[in-house]
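Here are the chains, one letter per residue:
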Amino acid sequence: ALACDIRIAADTALFGQPEITLGNTPGWGGTQRLPRAIGAGRATSLMLTGRPIDAAAALAYGLVTEIVPPEALAGRAEALARDLAARSTHAVAAIKQAVRIGAADFDAGLRAERLGVQTCCGTPEQVHAVQAFLGRHAAGTQKKGQR
């Protein structure tokens, strides 16, 4: 889950890094990703104690972005996937790259952000989205003036 950009959990889920209870350390990036996701203090506590947290705590910690009932989990994940698939692939890639770079180096993240904006400006998806936005804004302004 720590390698995912967006994490949705069932409200019955438990999260933890129990490796310490087995005499080991978290692997696969757990010691690096968890502190970045929830802060060093909370992550260190979870890793040193091996205690799990429930979905509500994971949401409060920022480990997950949303919790839903177990029976709604697959449907919610599919709806999110459809929503994201409808977005500009250029913009999605640029956002993900800027976030990753910026996590390690703020100034480099800003440079990646500027490059992302430049890359997206003028793409067919961006031009269409701006035209649609301006059309909706103009229609909203006309309705307010008619009142």
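As the structure is a prediction and not an experimental result, all values here were calculated from the model.

## Points about the overall build of the chain
When helices and strands are tallied, the chain shows seven helices and four strands. In sequence order, the secondary structure elements of the chain are arranged as β-β-α-α-β-α-β-α-α-α-α. Viewed in the frame of its principal axes, the chain has a C-alpha envelope of about 65 × 40 × 25 Å. Counting all 147 residues of the chain, 21% fall into the buried class. Partitioning the contacts of the chain with sequence separation of at least 6, the portion at a separation of at least 24 is 62%.

## Quick look at helix 1 (residues 30-38)
An α-helix turns once every 3.6 residues. As a result, residues three or four positions apart point the same way. For helix 1, the set of buried residues is Gly30, Leu34 and Ile38. Projected down its long axis, helix 1 carries its buried residues within an arc of 25°, all on one side. Along its buried surface, helix 1 packs onto helix 2 (40-49) and helix 3 (55-61). In the stretch just after helix 1, Gly39 is the one whose phi turns positive, near 95°.

What counts, and where the lines are drawn
Residues numbered from 1 in each chain as written. Predicted model: local features only at pLDDT ≥ 70, side-chain atom pairs only at ≥ 80, totals over all residues. Heavy atoms only, no water. Helix = DSSP H or I, 4+ residues; strand = E, 2+ residues; numbered from the N terminus. Buried < 20%, exposed > 50% of the residue type's maximum accessible area, 1.4 Å probe, protein only. Contact = heavy atoms within 4.5 Å. Arc of directions from axis to C-beta.

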